[in-house]
Amino acid sequence: MFEIRQIIQRLRCGESLRQVALSLHVGRAKVKLIHTIATSQHWLDPLVSIPDDCILAPFFALRRTAPQNSSSVEAYRNDILKWHAQGINATTIRRALHDQQGFCGSVHAIYRFLQHEIVSLPSATMKLDFPVAEMAQVDFGAGPMMTDRITGECFKTWIFVCTLAWSRHQYAEFVRDQSIATWLSCHRHAFDWFNGVPKKIRIDNLKAAIVKACYYEPTVQRSYAELALGYGFMIDPCPVADPKKKGRVEAGVKYVKNNFVPLREYQGIAHANTLLHAWIMEEAGQRIHGTTRERPLTLFVETEQALLQPLPTVVPECATWSKALLHPNCHVQFEYCFYSAPFGLIGQTLWLEITPHMIRLYCDHELVALHPRLFKHGNKSTVDDHIPPDAQAYLMRNPQWCLAQARSIGTDCLALVEILFSDRYGAQRVESACTRALAFGAPQFRTVKQILKQGLDQQPACAERIELEAPYLGAGRFSRHVSDLLH
(Lines give C-alpha, C1' and ligand atoms only; values in the text may rest on other atoms or scores of the structure.)
Protein backbone atom coordinates (compact mmCIF):
# COMPACT_ATOMS: atom_id res chain seq x y z
CA MET A 1 0.00 0.00 0.00
CA PHE A 2 2.95 2.30 0.61
CA GLU A 3 3.97 1.85 -3.04
CA ILE A 4 0.43 2.59 -4.28
CA ARG A 5 0.30 5.75 -2.20
CA GLN A 6 3.63 6.83 -3.70
CA ILE A 7 2.33 6.32 -7.25
CA ILE A 8 -0.86 8.27 -6.52
CA GLN A 9 1.16 11.11 -4.99
CA ARG A 10 3.42 11.37 -8.07
CA LEU A 11 0.42 11.33 -10.38
CA ARG A 12 -1.11 14.15 -8.33
CA CYS A 13 2.13 16.11 -8.85
CA GLY A 14 1.67 15.92 -12.62
CA GLU A 15 4.24 13.24 -13.57
CA SER A 16 3.46 11.11 -16.60
CA LEU A 17 2.85 7.39 -16.42
CA ARG A 18 6.24 6.76 -17.97
CA GLN A 19 8.06 8.99 -15.49
CA VAL A 20 6.36 7.33 -12.51
CA ALA A 21 7.16 3.85 -13.79
CA LEU A 22 10.84 4.70 -14.34
CA SER A 23 11.33 6.47 -11.01
CA LEU A 24 9.67 3.78 -8.88
CA HIS A 25 10.83 0.79 -10.97
CA VAL A 26 7.35 -0.58 -11.59
CA GLY A 27 5.54 -1.57 -14.76
CA ARG A 28 3.58 0.99 -16.72
CA ALA A 29 0.61 -1.36 -16.79
CA LYS A 30 0.43 -1.22 -13.00
CA VAL A 31 0.77 2.58 -13.00
CA LYS A 32 -1.94 2.82 -15.63
CA LEU A 33 -4.32 0.65 -13.56
CA ILE A 34 -3.73 2.79 -10.47
CA HIS A 35 -4.21 5.96 -12.53
CA THR A 36 -7.55 4.68 -13.84
CA ILE A 37 -8.85 3.78 -10.37
CA ALA A 38 -7.56 7.01 -8.80
CA THR A 39 -9.19 9.11 -11.53
CA SER A 40 -12.55 7.40 -11.08
CA GLN A 41 -12.42 7.99 -7.31
CA HIS A 42 -11.19 11.61 -7.67
CA TRP A 43 -7.99 10.85 -5.67
CA LEU A 44 -5.84 12.84 -8.13
CA ASP A 45 -7.53 16.09 -7.17
CA PRO A 46 -4.97 18.10 -5.13
CA LEU A 47 -7.79 19.45 -3.02
CA VAL A 48 -8.80 15.95 -1.89
CA SER A 49 -6.54 14.11 0.56
CA ILE A 50 -5.32 10.61 -0.28
CA PRO A 51 -7.52 8.15 1.63
CA ASP A 52 -6.20 5.79 4.31
CA ASP A 53 -4.89 2.33 3.56
CA CYS A 54 -8.07 0.66 4.78
CA ILE A 55 -9.99 2.54 2.03
CA LEU A 56 -7.39 1.93 -0.67
CA ALA A 57 -6.97 -1.79 0.07
CA PRO A 58 -10.32 -3.07 -1.33
CA PHE A 59 -9.61 -1.43 -4.72
CA PHE A 60 -6.22 -3.12 -5.12
CA ALA A 61 -6.73 -6.43 -3.30
CA LEU A 62 -5.45 -9.54 -5.13
CA ARG A 63 -8.22 -11.74 -6.40
CA ARG A 64 -7.50 -15.41 -5.87
CA THR A 65 -8.51 -17.66 -8.71
CA ALA A 66 -10.14 -20.95 -7.95
CA PRO A 67 -8.03 -24.07 -8.62
CA GLN A 68 -8.64 -25.61 -11.99
CA ASN A 69 -8.40 -29.22 -10.75
CA SER A 70 -10.48 -30.53 -7.85
CA SER A 71 -8.72 -32.37 -5.04
CA SER A 72 -8.75 -36.17 -5.09
CA VAL A 73 -9.89 -36.21 -1.48
CA GLU A 74 -12.74 -33.72 -1.88
CA ALA A 75 -15.28 -36.54 -2.02
CA TYR A 76 -14.13 -37.74 1.40
CA ARG A 77 -14.15 -34.30 3.03
CA ASN A 78 -16.56 -35.09 5.88
CA ASP A 79 -14.80 -38.28 6.96
CA ILE A 80 -11.35 -36.71 6.81
CA LEU A 81 -12.33 -33.65 8.85
CA LYS A 82 -14.18 -35.80 11.40
CA TRP A 83 -11.28 -38.20 11.89
CA HIS A 84 -8.76 -35.36 12.01
CA ALA A 85 -10.78 -33.72 14.79
CA GLN A 86 -10.51 -37.00 16.74
CA GLY A 87 -6.72 -36.80 16.58
CA ILE A 88 -6.21 -39.51 13.95
CA ASN A 89 -3.11 -38.96 11.82
CA ALA A 90 -3.11 -38.69 8.02
CA THR A 91 -1.50 -42.10 7.45
CA THR A 92 -4.23 -43.90 9.38
CA ILE A 93 -6.92 -41.85 7.60
CA ARG A 94 -5.51 -42.80 4.21
CA ARG A 95 -5.44 -46.50 5.12
CA ALA A 96 -9.06 -46.39 6.37
CA LEU A 97 -10.26 -44.63 3.22
CA HIS A 98 -8.46 -47.19 1.07
CA ASP A 99 -9.90 -50.18 2.95
CA GLN A 100 -13.45 -48.85 3.36
CA GLN A 101 -14.09 -46.69 0.28
CA GLY A 102 -11.40 -47.66 -2.23
CA PHE A 103 -9.46 -44.40 -2.03
CA CYS A 104 -6.37 -44.54 -4.30
CA GLY A 105 -4.81 -41.17 -3.57
CA SER A 106 -1.60 -40.62 -1.63
CA VAL A 107 -1.18 -39.60 1.99
CA HIS A 108 0.38 -36.33 0.77
CA ALA A 109 -2.94 -35.41 -0.85
CA ILE A 110 -4.56 -35.72 2.58
CA TYR A 111 -1.80 -33.58 4.10
CA ARG A 112 -2.36 -30.85 1.47
CA PHE A 113 -6.12 -30.98 2.00
CA LEU A 114 -5.77 -30.58 5.76
CA GLN A 115 -3.29 -27.72 5.41
CA HIS A 116 -5.74 -25.89 3.16
CA GLU A 117 -8.82 -26.58 5.28
CA ILE A 118 -7.48 -26.34 8.80
CA VAL A 119 -6.58 -22.79 9.70
CA SER A 120 -3.86 -22.85 12.35
CA LEU A 121 -3.97 -20.14 14.98
CA PRO A 122 -0.74 -18.25 15.73
CA SER A 123 1.19 -19.51 18.74
CA ALA A 124 1.04 -16.79 21.37
CA THR A 125 3.36 -16.66 24.36
CA MET A 126 3.43 -14.70 27.59
CA LYS A 127 6.46 -13.30 29.34
CA LEU A 128 6.83 -14.76 32.83
CA ASP A 129 7.81 -12.42 35.64
CA PHE A 130 9.16 -13.60 38.99
CA PRO A 131 9.51 -11.71 42.29
CA VAL A 132 12.93 -11.14 43.79
CA ALA A 133 14.49 -14.33 45.28
CA GLU A 134 11.37 -16.28 44.32
CA MET A 135 12.79 -18.81 41.85
CA ALA A 136 15.88 -20.38 40.37
CA GLN A 137 15.82 -22.52 37.23
CA VAL A 138 18.23 -25.44 36.78
CA ASP A 139 19.14 -27.62 33.83
CA PHE A 140 21.88 -29.74 32.25
CA GLY A 141 23.50 -29.05 28.90
CA ALA A 142 25.94 -31.12 26.86
CA GLY A 143 29.54 -30.13 27.57
CA PRO A 144 32.77 -30.68 25.64
CA MET A 145 34.89 -33.82 25.55
CA MET A 146 37.78 -33.52 28.01
CA THR A 147 41.06 -35.38 28.44
CA ASP A 148 42.72 -35.80 31.82
CA ARG A 149 46.36 -34.85 31.27
CA ILE A 150 47.51 -37.08 34.16
CA THR A 151 45.68 -40.30 33.32
CA GLY A 152 45.08 -39.65 29.61
CA GLU A 153 41.40 -40.56 30.01
CA CYS A 154 39.00 -38.96 27.50
CA PHE A 155 35.48 -38.48 28.83
CA LYS A 156 32.21 -36.69 28.04
CA THR A 157 31.02 -33.85 30.25
CA TRP A 158 27.77 -32.09 31.11
CA ILE A 159 27.19 -28.49 32.21
CA PHE A 160 24.95 -27.92 35.22
CA VAL A 161 23.51 -24.40 35.22
CA CYS A 162 21.41 -22.72 37.93
CA THR A 163 20.03 -19.29 37.02
CA LEU A 164 18.23 -16.94 39.40
CA ALA A 165 15.05 -15.89 37.59
CA TRP A 166 15.06 -12.26 38.76
CA SER A 167 18.68 -11.10 38.59
CA ARG A 168 19.87 -13.67 35.97
CA HIS A 169 23.00 -14.30 38.05
CA GLN A 170 24.01 -17.93 37.62
CA TYR A 171 26.09 -20.82 38.87
CA ALA A 172 27.58 -23.35 36.46
CA GLU A 173 29.66 -26.51 36.88
CA PHE A 174 31.14 -29.20 34.65
CA VAL A 175 30.22 -32.75 35.71
CA ARG A 176 30.78 -36.22 34.28
CA ASP A 177 27.25 -37.63 34.60
CA GLN A 178 23.65 -36.81 35.48
CA SER A 179 23.33 -39.27 38.37
CA ILE A 180 21.31 -38.59 41.50
CA ALA A 181 24.44 -38.02 43.59
CA THR A 182 25.75 -35.49 41.04
CA TRP A 183 22.37 -33.75 40.85
CA LEU A 184 22.23 -33.31 44.63
CA SER A 185 25.83 -32.15 44.98
CA CYS A 186 25.36 -29.56 42.20
CA HIS A 187 22.42 -28.07 44.12
CA ARG A 188 24.52 -27.84 47.27
CA HIS A 189 27.33 -26.13 45.37
CA ALA A 190 24.86 -23.65 43.83
CA PHE A 191 23.35 -22.74 47.21
CA ASP A 192 26.83 -22.23 48.66
CA TRP A 193 27.72 -20.09 45.63
CA PHE A 194 24.67 -17.84 46.18
CA ASN A 195 25.00 -18.08 49.99
CA GLY A 196 21.24 -18.58 50.12
CA VAL A 197 18.33 -20.62 48.85
CA PRO A 198 15.47 -19.43 46.57
CA LYS A 199 11.91 -20.33 47.49
CA LYS A 200 11.35 -22.47 44.36
CA ILE A 201 13.51 -24.51 42.02
CA ARG A 202 12.08 -25.02 38.54
CA ILE A 203 13.42 -28.18 36.92
CA ASP A 204 12.97 -30.36 33.89
CA ASN A 205 11.62 -33.90 34.23
CA LEU A 206 15.00 -35.66 34.33
CA LYS A 207 15.16 -39.04 36.11
CA ALA A 208 17.48 -37.77 38.85
CA ALA A 209 14.66 -35.50 40.06
CA ILE A 210 11.31 -36.82 38.78
CA VAL A 211 10.57 -40.55 38.87
CA LYS A 212 7.27 -40.25 37.00
CA ALA A 213 6.42 -37.14 34.99
CA CYS A 214 2.83 -35.93 35.15
CA TYR A 215 1.16 -32.59 34.48
CA TYR A 216 -0.80 -32.64 37.75
CA GLU A 217 0.96 -35.03 40.17
CA PRO A 218 4.60 -35.73 39.24
CA THR A 219 6.43 -38.26 41.43
CA VAL A 220 9.55 -36.66 42.90
CA GLN A 221 12.69 -38.73 43.42
CA ARG A 222 13.01 -39.48 47.15
CA SER A 223 16.58 -38.21 47.53
CA TYR A 224 15.71 -34.91 45.86
CA ALA A 225 12.59 -34.51 47.98
CA GLU A 226 14.66 -34.91 51.16
CA LEU A 227 17.19 -32.35 49.89
CA ALA A 228 14.35 -29.89 49.25
CA LEU A 229 13.03 -30.52 52.76
CA GLY A 230 16.46 -29.95 54.29
CA TYR A 231 17.13 -26.70 52.42
CA GLY A 232 13.54 -25.46 52.54
CA PHE A 233 12.77 -24.95 48.84
CA MET A 234 9.80 -26.05 46.74
CA ILE A 235 10.28 -28.30 43.72
CA ASP A 236 8.49 -26.86 40.68
CA PRO A 237 8.79 -29.25 37.69
CA CYS A 238 7.90 -28.00 34.22
CA PRO A 239 4.95 -29.57 32.41
CA VAL A 240 5.91 -32.48 30.20
CA ALA A 241 7.49 -31.40 26.88
CA ASP A 242 7.22 -27.71 27.76
CA PRO A 243 10.77 -26.38 28.29
CA LYS A 244 9.66 -22.79 27.57
CA LYS A 245 8.52 -22.61 31.19
CA LYS A 246 12.22 -22.48 32.17
CA GLY A 247 13.46 -20.34 29.34
CA ARG A 248 15.89 -18.36 31.48
CA VAL A 249 18.07 -21.30 32.33
CA GLU A 250 17.74 -22.57 28.75
CA ALA A 251 19.20 -19.25 27.63
CA GLY A 252 21.82 -19.51 30.38
CA VAL A 253 22.97 -22.93 29.16
CA LYS A 254 23.27 -21.61 25.59
CA TYR A 255 25.20 -18.59 26.82
CA VAL A 256 27.76 -20.78 28.61
CA LYS A 257 28.07 -23.17 25.66
CA ASN A 258 28.48 -20.39 23.08
CA ASN A 259 30.61 -17.90 25.01
CA PHE A 260 32.74 -19.92 27.42
CA VAL A 261 33.23 -23.42 26.03
CA PRO A 262 34.70 -22.74 22.54
CA LEU A 263 38.42 -22.20 21.97
CA ARG A 264 39.54 -23.14 25.49
CA GLU A 265 41.87 -25.87 26.66
CA TYR A 266 41.18 -27.80 29.86
CA GLN A 267 43.64 -29.85 31.89
CA GLY A 268 40.83 -31.71 33.61
CA ILE A 269 37.38 -31.18 35.04
CA ALA A 270 38.66 -29.37 38.15
CA HIS A 271 40.70 -26.95 36.03
CA ALA A 272 37.68 -26.37 33.76
CA ASN A 273 35.45 -25.52 36.74
CA THR A 274 38.04 -23.09 38.09
CA LEU A 275 38.09 -21.25 34.75
CA LEU A 276 34.28 -21.35 34.50
CA HIS A 277 33.70 -19.84 37.95
CA ALA A 278 36.18 -17.05 37.29
CA TRP A 279 34.48 -16.33 33.95
CA ILE A 280 31.05 -16.10 35.62
CA MET A 281 32.27 -13.52 38.12
CA GLU A 282 34.43 -11.49 35.75
CA GLU A 283 32.57 -11.60 32.44
CA ALA A 284 29.14 -13.24 32.54
CA GLY A 285 28.11 -11.50 35.74
CA GLN A 286 29.40 -8.12 34.56
CA ARG A 287 27.78 -8.07 31.11
CA ILE A 288 24.74 -5.94 30.31
CA HIS A 289 21.93 -8.48 30.10
CA GLY A 290 19.90 -8.29 26.91
CA THR A 291 16.51 -8.25 28.69
CA THR A 292 17.06 -6.47 32.01
CA ARG A 293 19.70 -4.10 30.60
CA GLU A 294 21.45 -4.47 33.96
CA ARG A 295 24.50 -6.36 35.18
CA PRO A 296 23.35 -9.68 36.71
CA LEU A 297 26.00 -9.66 39.43
CA THR A 298 25.11 -6.11 40.42
CA LEU A 299 21.41 -6.93 40.73
CA PHE A 300 22.27 -10.02 42.75
CA VAL A 301 24.65 -8.34 45.19
CA GLU A 302 22.62 -5.17 45.72
CA THR A 303 19.14 -6.69 45.96
CA GLU A 304 18.51 -10.40 45.55
CA GLN A 305 21.17 -11.94 47.77
CA ALA A 306 19.78 -10.38 50.93
CA LEU A 307 16.28 -11.72 50.20
CA LEU A 308 17.27 -15.35 49.64
CA GLN A 309 16.46 -17.86 52.36
CA PRO A 310 19.46 -18.45 54.65
CA LEU A 311 21.43 -21.67 54.41
CA PRO A 312 20.46 -24.26 57.06
CA THR A 313 22.54 -24.39 60.22
CA VAL A 314 23.06 -28.13 59.81
CA VAL A 315 23.88 -28.99 56.21
CA PRO A 316 21.54 -31.79 55.02
CA GLU A 317 23.29 -35.04 54.27
CA CYS A 318 23.23 -35.69 50.55
CA ALA A 319 21.93 -39.24 50.77
CA THR A 320 20.69 -41.11 47.73
CA TRP A 321 17.97 -43.74 47.87
CA SER A 322 17.63 -46.98 46.02
CA LYS A 323 15.56 -50.14 46.19
CA ALA A 324 17.05 -53.64 46.35
CA LEU A 325 15.71 -57.16 46.82
CA LEU A 326 16.97 -59.20 49.78
CA HIS A 327 18.23 -62.42 48.21
CA PRO A 328 18.10 -65.91 49.82
CA ASN A 329 21.75 -65.46 50.87
CA CYS A 330 20.53 -62.68 53.22
CA HIS A 331 22.30 -59.92 51.25
CA VAL A 332 21.24 -57.06 49.02
CA GLN A 333 23.43 -55.86 46.16
CA PHE A 334 24.34 -52.25 45.45
CA GLU A 335 27.01 -51.28 42.92
CA TYR A 336 28.36 -54.86 42.92
CA CYS A 337 28.87 -54.88 46.71
CA PHE A 338 26.81 -56.94 49.18
CA TYR A 339 25.20 -55.97 52.49
CA SER A 340 23.37 -58.29 54.87
CA ALA A 341 19.89 -57.85 56.36
CA PRO A 342 17.79 -60.04 58.73
CA PHE A 343 16.91 -63.38 57.13
CA GLY A 344 13.23 -62.92 58.01
CA LEU A 345 13.01 -60.27 55.28
CA ILE A 346 14.19 -62.57 52.45
CA GLY A 347 12.24 -61.86 49.27
CA GLN A 348 11.21 -58.34 50.31
CA THR A 349 12.31 -55.09 48.66
CA LEU A 350 14.25 -52.85 51.02
CA TRP A 351 15.07 -49.16 50.83
CA LEU A 352 18.78 -48.30 50.79
CA GLU A 353 19.90 -44.92 52.10
CA ILE A 354 23.35 -44.37 50.61
CA THR A 355 25.77 -41.79 51.97
CA PRO A 356 29.46 -41.38 51.12
CA HIS A 357 30.44 -43.46 54.17
CA MET A 358 27.43 -45.49 55.32
CA ILE A 359 24.53 -47.53 53.94
CA ARG A 360 21.31 -47.91 55.91
CA LEU A 361 18.70 -50.54 55.05
CA TYR A 362 15.02 -49.89 55.78
CA CYS A 363 11.97 -52.11 55.66
CA ASP A 364 9.10 -49.68 55.22
CA HIS A 365 10.10 -47.04 57.82
CA GLU A 366 12.13 -49.26 60.15
CA LEU A 367 15.93 -49.31 60.13
CA VAL A 368 16.94 -52.98 59.88
CA ALA A 369 20.67 -52.83 59.07
CA LEU A 370 23.60 -50.44 59.09
CA HIS A 371 26.83 -51.07 57.16
CA PRO A 372 29.98 -49.16 56.20
CA ARG A 373 30.01 -48.15 52.54
CA LEU A 374 31.99 -50.55 50.34
CA PHE A 375 33.48 -49.61 46.99
CA LYS A 376 35.52 -52.57 45.74
CA HIS A 377 33.39 -54.85 43.59
CA GLY A 378 32.60 -58.17 45.25
CA ASN A 379 33.22 -57.01 48.83
CA LYS A 380 30.71 -58.15 51.44
CA SER A 381 29.58 -56.75 54.79
CA THR A 382 27.83 -59.39 56.92
CA VAL A 383 26.35 -59.24 60.41
CA ASP A 384 26.23 -62.75 61.96
CA ASP A 385 22.82 -62.13 63.54
CA HIS A 386 21.32 -61.54 60.08
CA ILE A 387 21.83 -65.14 58.90
CA PRO A 388 19.56 -68.06 60.01
CA PRO A 389 20.45 -70.02 63.20
CA ASP A 390 21.35 -73.20 61.30
CA ALA A 391 23.74 -71.24 59.09
CA GLN A 392 25.25 -69.61 62.17
CA ALA A 393 25.72 -73.05 63.73
CA TYR A 394 27.40 -74.30 60.57
CA LEU A 395 29.82 -71.40 60.61
CA MET A 396 30.50 -71.90 64.33
CA ARG A 397 31.35 -75.65 64.11
CA ASN A 398 35.09 -75.26 64.26
CA PRO A 399 37.38 -77.24 66.62
CA GLN A 400 36.97 -74.66 69.38
CA TRP A 401 33.18 -74.92 69.18
CA CYS A 402 33.35 -78.76 69.30
CA LEU A 403 35.63 -78.67 72.34
CA ALA A 404 33.29 -76.24 74.10
CA GLN A 405 30.31 -78.50 73.37
CA ALA A 406 32.21 -81.58 74.61
CA ARG A 407 33.28 -79.74 77.77
CA SER A 408 29.65 -78.94 78.55
CA ILE A 409 28.77 -82.67 78.24
CA GLY A 410 31.46 -84.18 80.46
CA THR A 411 35.13 -84.98 81.05
CA ASP A 412 35.19 -88.28 79.17
CA CYS A 413 33.50 -86.70 76.12
CA LEU A 414 36.05 -83.92 76.24
CA ALA A 415 38.93 -86.44 76.46
CA LEU A 416 37.59 -88.34 73.44
CA VAL A 417 37.20 -85.21 71.34
CA GLU A 418 40.71 -84.08 72.27
CA ILE A 419 42.07 -87.45 71.11
CA LEU A 420 40.18 -87.10 67.82
CA PHE A 421 41.56 -83.64 67.26
CA SER A 422 45.08 -84.50 68.39
CA ASP A 423 47.84 -85.39 65.90
CA ARG A 424 48.24 -89.18 66.22
CA TYR A 425 51.67 -89.26 64.64
CA GLY A 426 53.36 -86.12 65.82
CA ALA A 427 55.35 -83.56 63.95
CA GLN A 428 58.57 -85.63 63.85
CA ARG A 429 56.95 -88.65 62.16
CA VAL A 430 55.09 -86.47 59.66
CA GLU A 431 58.39 -84.78 58.74
CA SER A 432 60.10 -88.20 58.26
CA ALA A 433 57.21 -89.41 56.08
CA CYS A 434 57.45 -86.30 53.91
CA THR A 435 61.21 -86.86 53.53
CA ARG A 436 60.64 -90.45 52.43
CA ALA A 437 57.92 -89.45 49.95
CA LEU A 438 60.19 -86.84 48.37
CA ALA A 439 63.03 -89.36 48.13
CA PHE A 440 60.83 -91.70 46.11
CA GLY A 441 59.50 -88.90 43.90
CA ALA A 442 55.89 -89.23 45.11
CA PRO A 443 54.93 -85.93 46.82
CA GLN A 444 51.24 -86.74 47.32
CA PHE A 445 49.06 -86.70 50.43
CA ARG A 446 48.08 -90.32 49.77
CA THR A 447 51.73 -91.41 49.79
CA VAL A 448 52.46 -89.65 53.10
CA LYS A 449 49.31 -91.17 54.63
CA GLN A 450 50.32 -94.71 53.62
CA ILE A 451 53.87 -94.22 54.90
CA LEU A 452 52.55 -93.17 58.30
CA LYS A 453 49.90 -95.91 58.39
CA GLN A 454 52.42 -98.68 57.59
CA GLY A 455 55.14 -97.21 59.80
CA LEU A 456 57.62 -96.91 56.96
CA ASP A 457 58.77 -93.57 58.31
CA GLN A 458 60.30 -95.40 61.28
CA GLN A 459 62.47 -97.64 59.10
CA PRO A 460 66.10 -96.75 58.39
CA ALA A 461 66.68 -94.30 55.59
CA CYS A 462 66.55 -95.91 52.18
CA ALA A 463 69.91 -96.83 50.66
CA GLU A 464 71.12 -94.99 47.66
CA ARG A 465 70.05 -96.50 44.38
CA ILE A 466 72.74 -98.45 42.51
CA GLU A 467 73.63 -96.92 39.22
CA LEU A 468 74.28 -99.53 36.43
CA GLU A 469 77.50 -98.83 34.60
CA ALA A 470 76.76 -101.11 31.58
CA PRO A 471 73.69 -102.71 30.06
CA TYR A 472 72.69 -106.19 31.17
CA LEU A 473 74.11 -108.86 28.84
CA GLY A 474 73.40 -112.06 30.76
CA ALA A 475 71.16 -114.85 29.58
CA GLY A 476 67.76 -114.51 31.05
CA ARG A 477 65.61 -117.48 31.98
CA PHE A 478 62.96 -116.82 29.34
CA SER A 479 65.04 -114.90 26.87
CA ARG A 480 65.00 -115.71 23.14
CA HIS A 481 67.19 -114.79 20.26
CA VAL A 482 66.00 -111.87 18.15
CA SER A 483 65.92 -114.00 15.01
CA ASP A 484 63.39 -116.34 16.68
CA LEU A 485 61.12 -113.43 17.50
CA LEU A 486 61.27 -112.07 13.98
CA HIS A 487 60.63 -115.52 12.51
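Note that the structure is a prediction, hence the values are computed from the model and not measured.

Peer 1: Lay out the sheet that holds strand S15 (residues 366-372) in plain terms, naming residues and giving numbers.
Peer 2: A sheet is described by the order of its strands in space; here four strands give the open sequence S10-S13-S14-S15, paired in antiparallel fashion. Where the open sheet ends on each side, the last strands, each with one partner, are strand S10 (320-325) and S15. If you compare each strand with its neighbour and ignore which way they point, the axes differ by 25 degrees on average. Note: S10 against strand S13 (residues 349-354), six bridges, orientation antiparallel. The partner of Trp 321 across the bridge, within S13, is Glu 353.

Peer 1: So what's going on with the packing of helix H5 (residues 77-85) against helix H6 (residues 90-101)? Which residues, and what values?
Peer 2: Where H5 meets H6, the closest approach of the two axes is 11 Å, and the angle between their N-to-C directions is 140 degrees. In terms of axis orientation, H5 runs oblique to H6. As H5 runs across H6, the sense of the crossing is right-handed. Between H5 and H6, the contacting residues are Asp 79, Ile 80, Trp 83 and His 84 on the first element and Ile 93, Ala 96, Leu 97, Gln 100 and Gln 101 on the second. In the contact of H5 with H6, the residues fall into five nonpolar, three polar and one charged.

Peer 1: With reference to specific residues and values, describe the pairing of strand S5 (residues 170-175).
Peer 2: Most of S5 is tucked away: six of the six residues are buried. Where strand S4 (residues 158-164) meets S5, six bridges bridge the pair, whose relative direction is antiparallel. Bridging from a neighbouring strand, Cys 162 pairs with Tyr 171 of S5. Hairpin remark: S4 followed by S5, antiparallel, with five residues in the connecting loop; positive phi at Arg 168, about 70 degrees.

Peer 1: Residues and numbers for the side chain of Ser 167, please.
Peer 2: Mapped onto the fold, Ser 167 is located in the loop between S4 and S5. Owing to a relative accessible area of 0%, Ser 167 belongs among the buried residues under this scheme. Reaching out from Ser 167, the side chain makes a polar contact with the side chain of Glu 304 at a distance of 2.5 Å. Contacts of Ser 167, omitting those with residues within four sequence positions, involve Pro 296, Leu 299, Phe 300 and Glu 304.

Peer 1: Kindly report on the nonpolar core, identifying the contributing residues and their values.
Peer 2: Ranked by size, the top nonpolar core spans 32 residues in total, and within it Phe 160, Trp 183, Phe 194, Ile 201, Ile 203, Tyr 224 and Phe 233 carry the most contacts. Sorting the residues of this core by element identifies strand S1 (135-142), S4, S5, helix H8 (180-194), strand S6 (200-203), helix H9 (222-231) and helix H12 (296-307) as the ones contributing at least two each. No other element matches H8, which puts six residues into this core. Once residues within four sequence positions are removed from consideration, Trp 183 is found in contact with Val 138, Phe 140, Phe 160, Ile 203, Leu 206, Ala 208, Ala 209 and Tyr 224.

Peer 1: Tell me about the pattern of salt bridges, and please be specific about residues and values.
Peer 2: In the structure shown here, the tally under the stated rule is 15 salt bridges. In this structure, the salt-bridge partner of Glu 15 is Arg 10, at a minimum N-O distance of 3.1 Å. Given a relative accessible area of 27%, Glu 15 falls into the partly exposed group. Note on Arg 10: relative accessible area 26%, which makes it partly exposed. Measuring nitrogen to oxygen at the nearest pair gives 3.9 Å for the salt bridge that ties Glu 226 to Arg 222. Taken together, the residues Glu 226 and Arg 222, both in helix H9 and four residues apart, mark about one turn of the helix. Beyond isolated ion pairs, a larger network of salt bridges with shared partners links Asp 139, Asp 204, Lys 246 and Glu 250.

Peer 1: I'd love a proper account of the confidence of the model for the protein chain, names of residues and values included.
Peer 2: Summarising the model, the protein chain shows a mean pLDDT of 86, and 92% of its residues fall at 70 or more. Between the elements of the protein chain, mean pLDDT differs from a low of 66, seen in helix H18 (residues 482-486), to a high of 97, seen in S4.

Peer 1: So what about unusual backbone geometry? Which residues, and what values?
Peer 2: The phi dihedral of Leu 263 is positive, around 60 degrees, even though this residue is not glycine. Relative to the elements of secondary structure, Leu 263 occurs in the loop between helix H10 (247-259) and helix H11 (269-284). Residue Leu 263 is classed as exposed on the basis of its relative accessible area of 90%.

Peer 1: I'd love a proper account of the packing of aromatic side chains, names of residues and values included.
Peer 2: Counting across every chain of the model gives 18 aromatic pairs. With a centroid separation of 5.7 Å and an interplanar angle of 65 degrees, the aromatic rings of Phe 140 and Phe 160 are classed as edge-to-face. Separated by 20 residues along the polypeptide, Phe 140 in strand S1 and Phe 160 in strand S4 bring together distant segments of the chain. Note on accessibility: Phe 140 and Phe 160 belong to one class, buried. Note on Trp 321 and Trp 351: the rings are 6.1 Å apart at their centroids and 75 degrees apart in plane angle, and the pair reads as edge-to-face. Within this pair, whereas Trp 321 is found in strand S10, its partner Trp 351 is found in strand S13, the two being separated by 30 residues in sequence. Classification of Trp 321 by relative accessible area gives buried; the value is 8%. By way of ring pairs, the aromatic residues Phe 140, Phe 160, Trp 183, Phe 191, Tyr 224, Tyr 231 and Phe 233 are connected into one cluster.

Parameters at a glance
- Residues numbered from 1 in each chain as written.
- Predicted model: local features only at pLDDT ≥ 70, side-chain atom pairs only at ≥ 80, totals over all residues.
- Heavy atoms only, no water.
- Pairing = 2+ DSSP bridges.
- Helix = DSSP H or I, 4+ residues; strand = E, 2+ residues; numbered from the N terminus.
- Axes fitted to C-alpha atoms, helices over the stretch in contact; angles between N-to-C directions.
- Parallel < 35°, antiparallel > 145°, perpendicular 65-115°, else oblique.
- Left-handed = near helix turned anticlockwise from the far one by under 90°.
- Contact = heavy atoms within 4.5 Å.
- Nonpolar A, V, L, I, M, F, W, Y, C, P; charged D, E, K, R; others polar.
- Buried < 20%, exposed > 50% of the residue type's maximum accessible area, 1.4 Å probe, protein only.
- Polar contact = N/O pair within 3.5 Å; in protein donor to acceptor, adjacent residues only side chain to side chain.
- Core = buried A, V, L, I, M, F, W, Y, C linked by side-chain atoms within 4.5 Å.
- Salt bridge = Lys/Arg side-chain N within 4 Å of Asp/Glu carboxyl O.
- pLDDT = per-residue confidence, 0-100.
- Phe/Tyr/Trp six-rings, centres within 6.5 Å; stacked < 30°, edge-to-face > 60°.

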